[in-house]
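# Descriptive structure summary
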Amino acid sequence: MQTVIIVVHLMIVAVLIGAVLLQKSEGGGLGMGGGAGFMSSRGTANLLTRTTAVLAGLFFVTSMTLAWLAGVDRKPASILGTPATQSQPGGATPVAPPTSGGVLDTLKKVDEQQGQSGPQAPRSQ
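Since we're looking at a predicted model, the values are computed, not measured. (Residues numbered from 1 in each chain as written. Predicted model: local features only at pLDDT ≥ 70, side-chain atom pairs only at ≥ 80, totals over all residues. Heavy atoms only, no water.)

Looking at where Lys-24 falls in the secondary structure, it is placed in the loop between α1 (2-22) and α2 (42-72). Residue class for Lys-24 comes out partly exposed when judged on its relative accessible area of 47%. When the C-alpha positions of Lys-24 and Leu-48 are compared, they lie 9.6 Å apart, and in sequence the two are 24 residues distant. (Helix = DSSP H or I, 4+ residues; strand = E, 2+ residues; numbered from the N terminus. Buried < 20%, exposed > 50% of the residue type's maximum accessible area, 1.4 Å probe, protein only.)

Quick look at a nonpolar patch on the surface now. Judged by side-chain polarity, Val-4, Val-7, Val-8 and Met-11 come together as a nonpolar surface patch covering roughly 340 Å² of accessible area. Tracing the sequence through the fold places Val-8 in helix α1. Overall, Val-8 belongs to the partly exposed group, its relative accessible area being 34%. (Patch = residues over 30% accessible without salt bridge, like charges linked within 9 Å, V, L, I, M, F, W, Y side chains within 5 Å. Areas by Shrake-Rupley, 256 points an atom, 1.4 Å probe, with all protein chains shown as cover. Salt bridge = Lys/Arg side-chain N within 4 Å of Asp/Glu carboxyl O.)

Those places that UniProt annotates as "transmembrane region" (unreviewed entry) correspond, in this numbering, to residues 51-70. Counting secondary structure, residues 51-70 comes out at 100% helix and 0% strand; the distance between its end C-alpha atoms is 28 Å. (UniProt positions renumbered as here; feature names shortened; annotations may be inferred.)

Moving on: the side chain of Thr-62. One can find Thr-62 in helix α2. Residues within four places of Thr-62 in sequence aside, it is in contact with Ile-5, His-9 and Ile-12. (Contact = heavy atoms within 4.5 Å.)

A few words on the confidence of the model for the protein chain. Confidence in the prediction of the protein chain, expressed as mean pLDDT, is 76, and 63% of residues score 70 or more. Here helix α3 (residues 103-114) is the element of the protein chain with the lowest mean pLDDT, 78, and α1 is the one with the highest, 94. (pLDDT = per-residue confidence, 0-100.)

Let's shift gears to α3. In this model α3 runs 17 Å from its N-terminal to its C-terminal C-alpha over 12 residues, within 8% of the 16 Å that 1.5 Å per residue would give. Judged by how many residues are buried, α3 sits mostly at the surface: 0 of 12 residues are covered. (Expected span 1.5 Å × (residues − 1).)

Structure, rendered in structure tokens:
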């Protein structure tokens, strides 16, 4: 579904660019305004203006549809890499403060529990 909408979106973009480039420059912003060019009649200018407006509307609709489809399966995630819980808004879990000391004391206790006396080289499996 999303691929079909992307293809339609790209076709709308290509035709919209072509429609804008075919229009006559009113102000001569690029120095090429005026003259009897390919699209010089008033009726053709109205047709191109309406075509551009319709294509711009379709571009807006397909852009909003693609944005909606991209957000449908989005789930809240935790920044810590753990699965988000439903009890806390935004997936945040409360962190208990250390009872004695700080982070270094906690790490020292973990090292003592594992029986490590110093830095160890990584072991291959």
